[in-house]
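One-letter residues, chain by chain:
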Number of protein chains: 2
Amino acid sequence: MKRNSRLSAVLHALLHMAERDRPMTSEELAVCLHTNPVVVRRTMAGLREAGLVISGRGHGGGWALGRPLEDVTMRDIYAALGEPMLFQMGNVTESPGCLVEQAVNHALDDAFHDAEAMLIARLGEVTLATLADDFKRRFAEHRAALKQPG
Amino acid sequence: MKRNSRLSAVLHALLHMAERDRPMTSEELAVCLHTNPVVVRRTMAGLREAGLVISGRGHGGGWALGRPLEDVTMRDIYAALGEPMLFQMGNVTESPGCLVEQAVNHALDDAFHDAEAMLIARLGEVTLATLADDFKRRFAEHRAALKQPG
DNA sequence: CACTTCGTAACTACTATCATTACATGAAAA
DNA sequence: TTTTCATGTAATGATAGTAGTTACGAAGTG
(Lines give C-alpha, C1' and ligand atoms only; values in the text may rest on other atoms or scores of the structure.)
Protein backbone atom coordinates (compact mmCIF):
# COMPACT_ATOMS: atom_id res chain seq x y z
CA MET A 1 0.00 0.00 0.00
CA LYS A 2 0.95 3.59 -0.33
CA ARG A 3 2.70 4.95 2.70
CA ASN A 4 1.00 7.50 4.90
CA SER A 5 2.59 10.87 4.12
CA ARG A 6 0.35 13.13 6.17
CA LEU A 7 2.94 14.02 8.78
CA SER A 8 5.38 14.98 6.09
CA ALA A 9 2.70 16.94 4.26
CA VAL A 10 1.40 18.97 7.18
CA LEU A 11 4.90 19.85 8.35
CA HIS A 12 5.57 21.13 4.87
CA ALA A 13 2.35 23.13 4.99
CA LEU A 14 3.01 24.61 8.42
CA LEU A 15 6.45 25.85 7.43
CA HIS A 16 5.08 27.54 4.35
CA MET A 17 2.44 29.17 6.52
CA ALA A 18 5.17 30.34 8.87
CA GLU A 19 6.78 32.26 6.01
CA ARG A 20 3.60 34.29 5.46
CA ASP A 21 1.99 37.01 7.51
CA ARG A 22 -1.50 36.31 6.23
CA PRO A 23 -3.62 33.15 6.20
CA MET A 24 -3.04 30.76 3.31
CA THR A 25 -6.01 29.26 1.53
CA SER A 26 -6.37 25.52 0.97
CA GLU A 27 -5.92 26.31 -2.69
CA GLU A 28 -2.55 27.98 -2.11
CA LEU A 29 -1.38 25.22 0.19
CA ALA A 30 -2.50 22.62 -2.33
CA VAL A 31 -0.19 24.21 -4.89
CA CYS A 32 2.75 24.09 -2.45
CA LEU A 33 2.04 20.48 -1.58
CA HIS A 34 1.25 19.40 -5.14
CA THR A 35 -2.10 18.07 -4.06
CA ASN A 36 -5.78 18.92 -3.86
CA PRO A 37 -7.42 21.61 -1.68
CA VAL A 38 -9.82 19.06 -0.22
CA VAL A 39 -6.94 16.86 0.81
CA VAL A 40 -5.41 19.86 2.54
CA ARG A 41 -8.58 20.59 4.50
CA ARG A 42 -9.03 16.99 5.45
CA THR A 43 -5.46 16.64 6.63
CA MET A 44 -5.45 19.91 8.53
CA ALA A 45 -8.73 19.14 10.30
CA GLY A 46 -6.98 17.33 13.15
CA LEU A 47 -4.53 20.16 13.63
CA ARG A 48 -7.39 22.63 13.88
CA GLU A 49 -9.07 20.54 16.58
CA ALA A 50 -5.78 20.48 18.48
CA GLY A 51 -5.48 24.25 18.24
CA LEU A 52 -2.26 24.03 16.26
CA VAL A 53 -3.79 25.95 13.39
CA ILE A 54 -6.76 28.27 12.96
CA SER A 55 -9.00 28.29 9.93
CA GLY A 56 -11.30 31.03 8.72
CA ARG A 57 -13.93 31.12 6.02
CA GLY A 58 -14.87 33.73 3.47
CA HIS A 59 -12.82 36.65 2.24
CA GLY A 60 -9.40 36.81 3.83
CA GLY A 61 -9.96 33.36 5.23
CA GLY A 62 -7.64 30.38 5.12
CA TRP A 63 -5.17 28.72 7.43
CA ALA A 64 -2.88 30.32 10.00
CA LEU A 65 -0.63 29.03 12.76
CA GLY A 66 -2.33 28.81 16.14
CA ARG A 67 0.82 28.72 18.26
CA PRO A 68 4.39 30.02 18.15
CA LEU A 69 6.80 27.82 16.20
CA GLU A 70 8.89 27.14 19.29
CA ASP A 71 5.90 25.68 21.12
CA VAL A 72 5.01 22.96 18.63
CA THR A 73 6.96 19.74 18.19
CA MET A 74 6.68 17.13 15.47
CA ARG A 75 5.25 14.90 18.15
CA ASP A 76 2.38 17.35 18.70
CA ILE A 77 1.63 17.21 14.99
CA TYR A 78 1.78 13.43 15.02
CA ALA A 79 -0.67 13.38 17.92
CA ALA A 80 -2.99 15.85 16.18
CA LEU A 81 -3.09 13.55 13.16
CA GLY A 82 -4.52 10.85 15.41
CA GLU A 83 -1.27 9.00 16.06
CA PRO A 84 -1.41 6.92 12.90
CA MET A 85 0.21 3.48 12.94
CA LEU A 86 3.98 3.84 12.70
CA PHE A 87 4.87 0.34 11.59
CA GLN A 88 3.96 -1.49 8.48
CA MET A 89 4.61 -4.83 10.16
CA GLY A 90 2.45 -6.45 12.77
CA ASN A 91 1.48 -9.74 14.32
CA VAL A 92 -0.82 -12.19 12.60
CA THR A 93 -2.96 -12.50 15.73
CA GLU A 94 -2.96 -9.99 18.56
CA SER A 95 -3.99 -12.36 21.36
CA PRO A 96 -3.22 -15.85 20.14
CA GLY A 97 -4.02 -19.03 22.03
CA CYS A 98 -0.95 -20.80 20.64
CA LEU A 99 1.91 -20.54 23.12
CA VAL A 100 4.45 -20.52 20.31
CA GLU A 101 2.76 -17.54 18.77
CA GLN A 102 2.60 -15.84 22.15
CA ALA A 103 6.36 -16.15 22.50
CA VAL A 104 6.87 -14.72 19.02
CA ASN A 105 4.44 -11.85 19.60
CA HIS A 106 6.09 -11.00 22.87
CA ALA A 107 9.55 -10.74 21.35
CA LEU A 108 8.36 -8.69 18.40
CA ASP A 109 6.16 -6.41 20.49
CA ASP A 110 9.08 -5.78 22.79
CA ALA A 111 11.31 -4.61 19.98
CA PHE A 112 8.63 -2.64 18.20
CA HIS A 113 7.37 -0.89 21.31
CA ASP A 114 10.85 0.24 22.20
CA ALA A 115 11.49 1.52 18.71
CA GLU A 116 8.17 3.34 18.76
CA ALA A 117 8.94 4.97 22.09
CA MET A 118 12.32 6.10 20.85
CA LEU A 119 10.91 7.47 17.62
CA ILE A 120 8.15 9.39 19.34
CA ALA A 121 10.61 10.83 21.82
CA ARG A 122 12.72 11.99 18.91
CA LEU A 123 9.71 13.65 17.30
CA GLY A 124 9.17 15.47 20.57
CA GLU A 125 12.65 16.97 20.43
CA VAL A 126 12.15 18.80 17.15
CA THR A 127 10.05 21.96 17.10
CA LEU A 128 8.70 23.78 14.08
CA ALA A 129 11.23 26.49 14.92
CA THR A 130 14.03 23.95 14.49
CA LEU A 131 12.70 23.08 11.07
CA ALA A 132 12.22 26.72 10.10
CA ASP A 133 15.82 27.45 11.07
CA ASP A 134 17.04 24.54 9.01
CA PHE A 135 15.05 25.81 6.08
CA LYS A 136 16.58 29.29 6.43
CA ARG A 137 20.05 27.77 6.50
CA ARG A 138 19.32 25.81 3.35
CA PHE A 139 17.91 28.91 1.73
CA ALA A 140 21.04 30.93 2.51
CA GLU A 141 23.22 28.13 1.15
CA HIS A 142 21.10 27.95 -1.94
CA ARG A 143 21.52 31.67 -2.62
CA ALA A 144 25.23 31.49 -1.99
CA ALA A 145 25.54 28.62 -4.46
CA LEU A 146 23.71 30.65 -7.09
CA LYS A 147 26.04 33.62 -6.65
CA GLN A 148 29.22 31.57 -6.98
CA PRO A 149 28.56 28.85 -9.57
CA GLY A 150 31.29 26.27 -10.09
CA MET B 1 -3.97 -1.59 4.11
CA LYS B 2 -3.47 -4.81 5.90
CA ARG B 3 -0.24 -4.86 7.87
CA ASN B 4 2.56 -7.11 6.74
CA SER B 5 2.60 -10.07 9.12
CA ARG B 6 5.14 -12.25 7.35
CA LEU B 7 7.88 -11.88 9.93
CA SER B 8 5.47 -12.86 12.67
CA ALA B 9 4.18 -15.76 10.59
CA VAL B 10 7.51 -17.29 9.64
CA LEU B 11 8.84 -17.04 13.18
CA HIS B 12 5.77 -18.91 14.30
CA ALA B 13 6.37 -21.52 11.62
CA LEU B 14 10.06 -21.96 12.42
CA LEU B 15 9.38 -22.57 16.09
CA HIS B 16 6.80 -25.20 15.28
CA MET B 17 9.31 -26.83 12.96
CA ALA B 18 11.87 -26.77 15.76
CA GLU B 19 9.53 -28.89 17.89
CA ARG B 20 9.49 -31.66 15.29
CA ASP B 21 12.14 -34.14 14.21
CA ARG B 22 10.75 -34.54 10.73
CA PRO B 23 9.97 -32.04 7.95
CA MET B 24 6.60 -30.33 8.16
CA THR B 25 4.53 -30.02 5.01
CA SER B 26 3.09 -26.70 3.86
CA GLU B 27 -0.27 -28.21 4.66
CA GLU B 28 0.68 -28.87 8.29
CA LEU B 29 2.24 -25.45 8.69
CA ALA B 30 -0.83 -23.84 7.15
CA VAL B 31 -2.93 -25.45 9.89
CA CYS B 32 -0.60 -24.08 12.60
CA LEU B 33 -0.63 -20.61 11.07
CA HIS B 34 -4.34 -20.63 10.25
CA THR B 35 -3.62 -19.89 6.65
CA ASN B 36 -3.20 -21.47 3.25
CA PRO B 37 -0.42 -23.86 2.09
CA VAL B 38 0.34 -21.64 -0.88
CA VAL B 39 0.81 -18.65 1.40
CA VAL B 40 3.23 -20.74 3.46
CA ARG B 41 5.30 -21.70 0.43
CA ARG B 42 5.35 -18.15 -0.85
CA THR B 43 6.42 -16.76 2.49
CA MET B 44 9.06 -19.42 3.12
CA ALA B 45 10.60 -19.02 -0.34
CA GLY B 46 12.95 -16.25 0.81
CA LEU B 47 14.10 -18.27 3.81
CA ARG B 48 14.95 -21.18 1.56
CA GLU B 49 17.05 -18.96 -0.69
CA ALA B 50 18.87 -17.70 2.40
CA GLY B 51 19.55 -21.27 3.56
CA LEU B 52 17.56 -20.77 6.75
CA VAL B 53 15.23 -23.61 5.83
CA ILE B 54 15.38 -26.57 3.48
CA SER B 55 12.45 -27.80 1.45
CA GLY B 56 11.96 -31.19 -0.10
CA ARG B 57 9.36 -32.53 -2.50
CA GLY B 58 7.55 -35.82 -2.70
CA HIS B 59 6.95 -38.38 0.04
CA GLY B 60 8.55 -37.36 3.31
CA GLY B 61 9.13 -33.90 1.91
CA GLY B 62 8.27 -30.60 3.50
CA TRP B 63 10.12 -27.93 5.41
CA ALA B 64 13.00 -28.33 7.87
CA LEU B 65 15.34 -25.95 9.62
CA GLY B 66 18.58 -25.35 7.75
CA ARG B 67 20.62 -24.07 10.69
CA PRO B 68 20.80 -24.51 14.46
CA LEU B 69 18.37 -22.33 16.40
CA GLU B 70 21.21 -20.48 18.12
CA ASP B 71 22.65 -19.38 14.80
CA VAL B 72 19.58 -17.58 13.45
CA THR B 73 18.37 -14.20 14.66
CA MET B 74 15.10 -12.43 13.95
CA ARG B 75 17.20 -10.03 11.92
CA ASP B 76 18.31 -12.86 9.64
CA ILE B 77 14.70 -13.76 9.06
CA TYR B 78 13.82 -10.15 8.37
CA ALA B 79 16.64 -9.99 5.82
CA ALA B 80 15.53 -13.25 4.21
CA LEU B 81 12.07 -11.80 3.75
CA GLY B 82 13.60 -9.06 1.63
CA GLU B 83 13.78 -6.42 4.36
CA PRO B 84 10.23 -5.23 3.92
CA MET B 85 9.44 -1.60 4.73
CA LEU B 86 9.26 -1.14 8.48
CA PHE B 87 7.38 2.12 8.61
CA GLN B 88 3.93 2.95 7.46
CA MET B 89 4.79 6.63 7.27
CA GLY B 90 6.97 8.23 4.67
CA ASN B 91 7.72 11.44 2.84
CA VAL B 92 5.49 12.82 0.12
CA THR B 93 8.48 13.30 -2.18
CA GLU B 94 11.81 11.55 -1.74
CA SER B 95 13.99 14.17 -3.43
CA PRO B 96 11.99 17.38 -3.45
CA GLY B 97 13.10 20.62 -5.07
CA CYS B 98 11.33 22.71 -2.43
CA LEU B 99 13.79 23.71 0.28
CA VAL B 100 11.06 23.68 2.90
CA GLU B 101 10.24 20.12 2.03
CA GLN B 102 13.93 19.23 2.10
CA ALA B 103 14.19 20.48 5.67
CA VAL B 104 11.12 18.47 6.68
CA ASN B 105 12.36 15.32 4.96
CA HIS B 106 15.74 15.64 6.59
CA ALA B 107 14.29 15.88 10.09
CA LEU B 108 11.90 13.00 9.56
CA ASP B 109 14.47 10.78 7.85
CA ASP B 110 16.85 11.40 10.71
CA ALA B 111 14.36 10.20 13.29
CA PHE B 112 13.09 7.29 11.25
CA HIS B 113 16.53 6.05 10.26
CA ASP B 114 17.65 6.01 13.87
CA ALA B 115 14.55 4.15 14.95
CA GLU B 116 15.03 1.68 12.14
CA ALA B 117 18.66 1.08 13.08
CA MET B 118 17.70 0.51 16.70
CA LEU B 119 14.90 -1.85 15.79
CA ILE B 120 17.03 -3.90 13.44
CA ALA B 121 19.77 -4.11 16.05
CA ARG B 122 17.19 -5.41 18.51
CA LEU B 123 16.04 -8.03 16.02
CA GLY B 124 19.67 -9.12 15.74
CA GLU B 125 19.87 -9.78 19.47
CA VAL B 126 17.12 -12.37 19.55
CA THR B 127 17.83 -15.85 18.22
CA LEU B 128 15.35 -18.57 17.47
CA ALA B 129 16.80 -20.37 20.48
CA THR B 130 15.76 -17.42 22.66
CA LEU B 131 12.24 -17.69 21.35
CA ALA B 132 12.17 -21.47 21.74
CA ASP B 133 13.28 -21.12 25.37
CA ASP B 134 10.57 -18.55 26.01
CA PHE B 135 8.03 -20.90 24.50
CA LYS B 136 9.20 -23.76 26.74
CA ARG B 137 8.90 -21.52 29.78
CA ARG B 138 5.37 -20.57 28.78
CA PHE B 139 4.54 -24.19 28.19
CA ALA B 140 5.78 -25.21 31.66
CA GLU B 141 3.79 -22.38 33.23
CA HIS B 142 0.75 -23.42 31.28
CA ARG B 143 0.98 -26.99 32.54
CA ALA B 144 1.53 -25.86 36.11
CA ALA B 145 -1.56 -23.66 35.89
CA LEU B 146 -3.61 -26.59 34.69
CA LYS B 147 -2.46 -28.76 37.59
CA GLN B 148 -3.26 -26.20 40.26
CA PRO B 149 -6.39 -24.36 39.19
CA GLY B 150 -7.42 -21.42 41.34
C1' DC C 1 3.58 -45.54 -12.70
C1' DA C 2 1.01 -43.61 -8.75
C1' DC C 3 1.20 -40.50 -5.29
C1' DT C 4 2.91 -36.75 -2.70
C1' DT C 5 4.66 -32.29 -2.06
C1' DC C 6 6.75 -28.17 -3.47
C1' DG C 7 6.98 -24.01 -7.05
C1' DT C 8 4.59 -20.57 -9.18
C1' DA C 9 1.39 -17.93 -11.90
C1' DA C 10 -3.14 -15.95 -12.08
C1' DC C 11 -7.13 -14.21 -10.04
C1' DT C 12 -9.89 -12.42 -6.19
C1' DA C 13 -11.00 -10.02 -1.80
C1' DC C 14 -9.99 -6.64 1.34
C1' DT C 15 -7.99 -2.49 3.01
C1' DA C 16 -5.58 2.01 3.22
C1' DT C 17 -4.17 6.26 1.03
C1' DC C 18 -4.92 9.91 -1.76
C1' DA C 19 -7.51 12.45 -5.55
C1' DT C 20 -11.73 14.32 -7.17
C1' DT C 21 -16.50 15.87 -7.44
C1' DA C 22 -20.35 17.90 -5.41
C1' DC C 23 -22.67 20.59 -2.34
C1' DA C 24 -23.69 22.76 2.12
C1' DT C 25 -22.11 26.28 5.55
C1' DG C 26 -20.31 30.45 7.04
C1' DA C 27 -18.03 35.05 6.56
C1' DA C 28 -16.61 39.26 4.25
C1' DA C 29 -17.26 42.57 0.49
C1' DA C 30 -20.10 45.14 -2.74
C1' DT D 1 -29.12 41.89 0.91
C1' DT D 2 -26.79 39.77 -2.60
C1' DT D 3 -22.51 38.17 -4.34
C1' DT D 4 -18.27 36.11 -3.76
C1' DC D 5 -14.94 33.60 -1.41
C1' DA D 6 -13.34 29.88 1.33
C1' DT D 7 -13.91 26.18 4.51
C1' DG D 8 -16.47 21.54 5.99
C1' DT D 9 -17.70 17.18 4.62
C1' DA D 10 -19.79 13.28 2.30
C1' DA D 11 -19.41 10.25 -1.56
C1' DT D 12 -16.91 8.17 -5.16
C1' DG D 13 -12.92 6.55 -7.74
C1' DA D 14 -7.93 5.31 -8.69
C1' DT D 15 -4.05 2.85 -7.15
C1' DA D 16 -1.35 -0.31 -4.57
C1' DG D 17 -0.16 -3.81 -1.07
C1' DT D 18 -1.39 -8.04 1.66
C1' DA D 19 -3.27 -12.27 1.87
C1' DG D 20 -6.48 -16.10 0.27
C1' DT D 21 -7.58 -19.35 -3.44
C1' DT D 22 -7.44 -22.06 -7.63
C1' DA D 23 -4.90 -24.37 -11.00
C1' DC D 24 -1.28 -26.72 -12.83
C1' DG D 25 3.52 -27.91 -13.62
C1' DA D 26 7.93 -29.90 -11.65
C1' DA D 27 10.32 -32.99 -8.86
C1' DG D 28 10.92 -36.58 -5.63
C1' DT D 29 9.40 -41.26 -3.11
C1' DG D 30 7.55 -45.84 -3.01
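Before any of the text, the structure's been laid out above.
Residues numbered from 1 in each chain as written. Chains lettered and ligands numbered in written order. Predicted model: local features only at pLDDT ≥ 70, side-chain atom pairs only at ≥ 80, totals over all residues. Heavy atoms only, no water.

Chemist: Help me understand the overall build of chain A, please; the structure alone is not making it clear to me.
Modeler: Across its full length, chain A carries 6 helices and 2 strands. Tracing chain A from N to C terminus, the helices and strands come up as α-α-α-β-β-α-α-α. Here the C-alpha atoms of chain A give a radius of gyration of 20 Å, more than 25% beyond the 15 Å that 2.2 N^0.38 yields for 150 residues. For chain A, the spread of C-alpha atoms along the three principal axes comes to 65 × 50 × 30 Å. In chain A, buried positions account for 47% of the 150 residues. Counting only contacts in chain A whose residues sit at least 6 apart along the sequence, the fraction spanning at least 24 positions is 59%. Charged side chains of chain A number 17 positive and 19 negative; the gap between the two group centres comes to 11 Å. (Helix = DSSP H or I, 4+ residues; strand = E, 2+ residues; numbered from the N terminus. Rg over C-alpha atoms; globule rule 2.2 N^0.38 Å. Buried < 20%, exposed > 50% of the residue type's maximum accessible area, 1.4 Å probe, protein only. Contact = heavy atoms within 4.5 Å. Lys, Arg positive; Asp, Glu negative; His and termini not counted. Charge placed at Lys NZ, Arg CZ, Asp CG, Glu CD.)

Chemist: Which parts of the structure should I look at to understand the packing of aromatic side chains?
Modeler: Aromatic rings in a pair are described by how distant their centres are and how their planes are angled relative to each other. Counted under the stated rule, the structure contains 5 aromatic pairs over all chains. Taking the centre distance of 4.8 Å and the plane angle of 90° together, the rings of A:Phe87 and A:Phe112 count as edge-to-face. With A:Phe87 in the loop between α4 (74-80) and α5 (99-125) and A:Phe112 in helix α5, this residue pair connects regions lying 25 residues apart in the sequence. The pair A:Phe87 / A:Phe112 is uniform in exposure class, with both members buried. Ring pairs connect the aromatic residues A:Phe87, A:Phe112, B:Phe87 and B:Phe112, which therefore count as one cluster. (Phe/Tyr/Trp six-rings, centres within 6.5 Å; stacked < 30°, edge-to-face > 60°.)

Chemist: Would you mind showing me how to read the pairing of strand β1 (residues 53-56) of chain A here?
Modeler: A regular strand places its side chains so that they alternate between the two faces of the sheet. Residue and element names in this part refer to chain A. Bridge analysis of β1 against strand β2 (residues 62-65) gives 4 bridges, and the strand direction is antiparallel. Bridge assignment links Val53 to a residue of β2, and that residue is Leu65. The hairpin formed by β1 and β2 contains 5 residues between the paired strands, and Gly58 there has a positive phi angle of roughly 70°. (Pairing = 2+ DSSP bridges.)

Chemist: What should I look at first to understand the nonpolar core in this one?
Modeler: In terms of nonpolar packing, the biggest core is built from 93 residues, with A:Met44, A:Leu47, A:Ile77 and B:Met44 touching the most fellow members. Ignoring any residue separated from it by four or fewer positions in sequence, one finds A:Ile77 in contact with A:Leu7, A:Val10, A:Leu11, A:Leu14, A:Leu47, A:Leu52 and A:Val72. (Core = buried A, V, L, I, M, F, W, Y, C linked by side-chain atoms within 4.5 Å.)

Chemist: What am I meant to see in the relation of the copies chain A and chain B here?
Modeler: Each of the two chain copies can be brought onto the other by rotation about an axis and movement along it. For the pair chain A and chain B, the relating rotation is 180°, the translation along its axis is 0.0 Å, and the fit reaches an RMSD of 0.1 Å. Accordingly, the operation relating the two chain copies is best matched by a two-fold axis. When the interface residues of chain A are mapped onto chain B, 100% of them are again interface residues, pointing to one common binding face. (Least-squares fit on C-alpha atoms with pLDDT ≥ 70 in both.)

Chemist: Mind showing me how you'd approach the packing of helix α1 (residues 6-18) of chain B against helix α6 (residues 128-147) of chain B here?
Modeler: Any two packed helices are characterised by how steeply their axes cross, that is the angle between the axes, and by the distance between the axes. Residue and element names in this part refer to chain B. One can describe the packing of α1 onto α6 by two numbers: an axis separation of 10 Å at closest approach and a directional angle of 70°. Here α1 is positioned roughly perpendicular relative to α6, judged by the angle of their axes. Contacts between α1 and α6 involve Leu11, Leu14 and Leu15 on the former and, on the latter, Leu128, Leu131 and Ala132. Taken together, the residues that form the contact of α1 with α6 break down as 6 nonpolar, no polar and no charged. (Axes fitted to C-alpha atoms, helices over the stretch in contact; angles between N-to-C directions. Parallel < 35°, antiparallel > 145°, perpendicular 65-115°, else oblique. Nonpolar A, V, L, I, M, F, W, Y, C, P; charged D, E, K, R; others polar.)

Chemist: Would you take a moment to explain the layout of surface pockets for this structure?
Modeler: Leftover empty space is mapped by rolling, across the atoms, a probe with the size of a water molecule. All names here are of chain B. When its volume is computed, the largest pocket comes out at roughly 490 Å³. Lining the largest pocket are 21 residues, and of these Ser5, Arg6, Ala9, Val39 and Thr43 lie nearest its centre. Mapped by element, the contributors of at least two residues to the lining of the largest pocket are α1, α2 (26-33) and α3 (37-49). Of the residues belonging to the lining of the largest pocket, the class tally is 11 nonpolar, 6 polar and 4 charged. (1 Å grid on protein atoms, 1.4 Å probe; cavity = no way out; pocket = protein on both sides within 12 Å on 5 of 7 lines; lining within 4 Å. Points joined across faces, edges and corners; volume = space filled by probe spheres on them.)

Chemist: Just checking my understanding: could you explain the packing of helix α1 (residues 6-18) of chain A against helix α5 (residues 99-125) of chain B for this structure?
Modeler: It is the contact of α1(A) with α5(B), at a shortest axis distance of 9 Å, that shows an interaxial angle of 135°. In terms of orientation, α1(A) and α5(B) fall into the oblique class. In terms of crossing hand, the pair formed by α1(A) and α5(B) is right-handed. Residues A:Leu7, A:Ser8, A:Leu11, A:His12, A:Leu15 and A:His16 of α1(A) touch α5(B), and the partners they reach there are B:Val100, B:Glu101, B:Val104, B:Asn105 and B:Leu108. Split by residue class, the contact of α1(A) with α5(B) holds 6 nonpolar, 4 polar and 1 charged. (Left-handed = near helix turned anticlockwise from the far one by under 90°.)

Chemist: Sorry if this is basic, but what is going on with the interface of chain A and chain B here?
Modeler: Reports often express the size of an interface as the amount of accessible area lost when the parts come together. If you look at the interface, chain A gives 49 residues, while chain B gives 49 residues. Counting the surface lost from both chain A and chain B, the interface buries some 5000 Å², and carbon and sulfur atoms represent 71% of this. With its nearest N and O atoms 2.4 Å apart, the salt bridge here joins A:Asp114 to B:Arg122. Counting every contact that joins chain A to chain B gives 16 residue pairs in polar contact (both at pLDDT 80 or more). The residue inventory of the side of chain A that touches chain B, partitioned by class, reads 29 nonpolar, 12 polar and 8 charged. (Buried area = accessible area lost by both parts, 1.4 Å probe. Salt bridge = Lys/Arg side-chain N within 4 Å of Asp/Glu carboxyl O. Polar contact = N/O pair within 3.5 Å; in protein donor to acceptor, adjacent residues only side chain to side chain.)

Chemist: Quick question: what am I supposed to make of the environment of B:Leu131 here?
Modeler: When you line up the elements, B:Leu131 lands in helix α6. Sequence separation between B:Leu131 and B:Asn4 is 127 residues; the distance between their C-alpha atoms is 20 Å. With near-sequence residues (within four places) excluded, B:Leu131 lies in contact with A:Ala103, A:Ala107, B:Leu11, B:Leu15, B:Met74 and B:Val126.

Chemist: What is the right way to read the pattern of salt bridges from this model?
Modeler: Any two side chains of opposite charge can pair if their charged atoms end up close together. Scanning the entire structure with this criterion turns up 10 salt bridges over all chains. Bridged by salt links that share partners, the residues A:Asp134, A:Arg137, A:Arg138 and A:Glu141 form one connected network.

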